[in-house]
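# Results of the structural survey
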Amino acid sequence: MIVATVCGVKGLGVRGGLLLGLIVVVVLAATGVWNPFPGIWEWIDRSEPISEPDVVWQQRVGGTPKSVTIAGDTVIVEQRTRVEARSLTTGTQLWERKADWAAVAGGDRDAVVAVGKLLVKGYELLDPTTGAVRRRDDAAVAVWTYRNLLLDARCGQATDCTLSAWEPRGTRPLWTAFLPGVHTGMLADNPGLLGTRRLGASRIDGEVAGPEAIPPLLGFPVDGRVHVVDTATGRVLQNVEPGRDERLAVVGGRLLRITATSREGGCYFAISGVDPATGREVWRRSGVNLRTADYAGCVQRDDPQGARNVLIGVAPDGREVVIDGYDGRLLQVGADGQKLLAVDDRYALVRSADKRSILGRELSVDRDRWTRPAGEKSGAALTPYAAVIVEEKPSRLVAVEPRTGRELVALRTSSNALAVGPHGMIIGEGREIGYVRWGAGAPVAPAPAEGGAPGANPGGDYPPPSGPGGCGPKRELCADGG
């Protein structure tokens with residue numbers, strides 16, 4: 001019997017033998033004796049490393065991420081129709097939830113994940129580690145998430161809305177304020193308010209820094225008017241309608257009135273910083289173009305460029321400048337040919353005029369802190385924990401300390417920088433994401449001025465702000481905290 005079987009197999013030839021072997025494997029798999037197919041598929045579907053040196057972990061998520069946020073010891077990945085959480089240490093999935101939108105509020109110790117559905121009122125706040133519901137709301141139409149606060153808006157009627165402020169894990173609102181409606185764009189998470197536009201960079205996500213501290217004032221556009229809300233008390237300080245040639249913005253604790261007037265074939269700009277509590281003009285600058293107009297009759301359709309409490313503009317001689325929104329000081333005046341790549345309250349990253357290097361500047365002293373070689377197409381972004389630099393040909397991602405320029409990590413990769421935390425960053429390409437730890441593994445603590453007004457310039461020709469200005473718009477930089 002055995003001899004006959006062997007001779008029969010030999011008679012089948014090579015193809016027949018392979019076919020018979022495949023049949024045997026299928027039978028064994030169907031009966032549960034032995035199933036090699038999962039291992040074979042895992043080998044076929046195995047992902048190539050997304051960087052060199054390799055990441056701490058690499059995982060394929062359910063869909064292409066819309067946003068990625070580091071929340072304490074977890075990574076929150078927002079996708080088109082769901083949100084999932086993964087361990088920052090191992091990358092393993094902790095939980096998954098169906099949702100049309102998701103946003104993270106709070107810091108490392110009190111983070112929550114707000115989730116909801118489009119065109120459906122209400123939202124839920126989830127624990128980032130377990131996915132458990134911490135608080136549920138059934139009426140809100142919009143949510144704004146910050147590192148130290150969460151705001152939501154609910155409307156009984158089209159012209160009767162209430163804005164409420166919550167601690168990230170709070171169960172009762174800290175304050176409520178009345179708003180006469182919200183415009184149609186205020187839906188879901190973080191609808192646009194009247195502030196600044198950040199500089200962008202290819203391969204760096206616009207939300208790479210995660211949630212920031214709430215500004216001292218927020219500007220809500222409602223039916224062509226701007227309602228200025230004090231975020232400490234909920235008091236509505238101003239209800240202003242812009243003039244014909246004006247655009248309004250709320251930056252650095254001031255209401256900015258930006259005018260662009262068409263004369264003699266050009267646009268003439270002026271900026272006025274107003275104290276919303278009194279309506280008094282605090283500072284004024286003329287001739288600085290904040291890039292709000294498209295030169296089609298000098299119509300201002302865009303918010304000014306900047307970040308947090310600072311503005312970016314172009315002086316009449318073509319040089320880029322950084323302006324303190326609180327008191328109008330010139331924090332930096334660039335040299336001819338230099339280009340601002342990123343800015344926040346404390347630092348600026350500038351491409352040199354010869355396009356061969358990136359300069360790290362500290363705004364409080366208005367001087368270069370460090371320089372490193374870079375290509376003509378390099379981009380950059382600033383976060384509280386690291387400055388991220390993107391280089392092309394070869395493709396690289398580099399993270400450095402913003403103040404000293406000390407290199408934290410350098411990767412050969414074509415991936416995008418998705419999120420930056422105190423110990424490392426998340427990079428990704430398509431559905432693949434991975435975690436990169438800083439070289440030393442030690443946290444890079446943010447400077448205490450985060451969210452506050454820039455410091456005085458001891459070597460400059462402008463005076464430091466007097467009174468409360470030295471502590472920031474709400475004395476957040478002073479020891480007594482206000």
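Residues numbered from 1 in each chain as written. Predicted model: local features only at pLDDT ≥ 70, side-chain atom pairs only at ≥ 80, totals over all residues. Heavy atoms only, no water.

## Here's the deal with the environment of Val 321
Quick note on the threshold: Put simply, DSSP marks the helices as runs of H or I at least four residues long and the strands as runs of E at least two long, and each gets a number from the N terminus on. By definition in these notes, contact holds between two residues if any of their heavy atoms fall within 4.5 Å.
Looking at the element boundaries, Val 321 is found in strand 24 (residues 320-324). Ignoring any residue separated from it by four or fewer positions in sequence, one finds Val 321 in contact with Val 288, Leu 311, Ile 312, Gly 313, Ala 315, Leu 330, Gln 332, Val 333 and Leu 340.

## Quick notes on the state of the cysteines
Where we set the bar: Cysteine sulfur atoms are paired as a disulfide whenever they fall within 2.5 Å.
According to the stated counting rule, one finds 2 disulfides in the structure shown. Here Cys 155 is linked by a disulfide to Cys 161, with a sulfur-sulfur distance of 2.0 Å. Between Cys 155 and Cys 161, the S-S torsion sits near 105°, and that sign places the bridge as right-handed. In this model, Cys 267 is linked to Cys 298 through a disulfide, with the two sulfur atoms separated by 1.8 Å. Disulfide Cys 267-Cys 298: torsion about the S-S bond near -105°, hence left-handed. Residue Cys 267 is located in strand 20 (residues 266-275), and its partner Cys 298 is located in the loop between strand 21 (280-286) and strand 22 (305-307); the two are separated by 31 residues in the primary sequence.

## Side note on the pairing of strand 6 (residues 101-105)
Heads up, the rule is: Partly exposed residues are those whose accessible area sits between 20% and 50% of the maximum for their type, while under 20% is buried and over 50% is exposed, using a 1.4 Å probe and protein chains only. When DSSP locates at least two bridges between a pair of strands, those strands are taken to pair.
Counting buried positions along strand 6 yields 5 of 5 residues, so the element is predominantly enclosed. On strand 6, burial covers both faces: Trp 101, Ala 103 and Ala 105 on one face and Ala 102 and Val 104 on the other are all buried. The pairing of strand 6 with strand 7 (residues 112-116) spans 5 bridges and is classified as antiparallel. Directly across from Ala 102, in strand 7, lies its bridge partner Val 115. Hairpin remark: strand 6 followed by strand 7, antiparallel, with 6 residues in the connecting loop; positive phi at Gly 106, about 95°.

## Some points on unusual backbone geometry
The peptide bond linking Glu 52 to Pro 53 adopts the cis configuration, its omega dihedral lying at 0°. When you line up the elements, Pro 53 lands in the loop between helix 2 (37-44) and strand 1 (57-60). In this structure, the amide linkage connecting Lys 393 to the following residue, Pro 394, adopts the cis form with an omega of 0°. Topologically, Pro 394 is positioned in the loop between strand 31 (387-391) and strand 32 (396-400). Even without a glycine there, the phi angle at Arg 291 is positive, about 60°. Counting through the fold element by element, Arg 291 comes out in the loop between strand 21 and strand 22. Of note in the backbone geometry, Lys 355 takes a positive phi value of approximately 60° without being a glycine. Here Lys 355 is to be found in the loop between strand 27 (347-351) and strand 28 (357-362).

## As for the nonpolar core
Stated formally: Residues belong to one nonpolar core when they are buried, are Ala, Val, Leu, Ile, Met, Phe, Trp, Tyr or Cys, and are joined through side-chain atoms within 4.5 Å.
In this structure, Val 420, Met 425, Ile 427 and Trp 438 are the most contacted members of the largest nonpolar core, which totals 20 residues. Every element with two or more residues in this core is listed here: strand 31, strand 32, strand 33 (407-412), strand 34 (416-420) and strand 35 (424-429). In terms of residue count, strand 33 provides more of this core than any other element does, 3 residues in total. Dropping the residues within four chain positions of it, Met 425 is found in contact with Leu 397, Val 409, Leu 411, Ala 419, Val 420, Gly 434, Tyr 435, Val 436 and Trp 438.

## Some details on the sheet that holds strand 21
Under the convention used in this document: For helices, the axis comes from a line fit to the C-alpha atoms of the stretch in contact; other axes are also lines fit to C-alpha atoms, and the angle between any two N-to-C directions lies between 0 and 180 degrees.
Across the sheet, 4 strands lie side by side as 18-19-20-21; this open sheet has antiparallel pairing. Among the strands making up the open sheet, the edge pair consists of strand 18 (246-251) and strand 21. This sheet shows a mean twist of 25° between the axes of neighbouring strands, independent of strand direction. Pairing between strand 18 and strand 19 (residues 254-263): 6 bridges, direction antiparallel.

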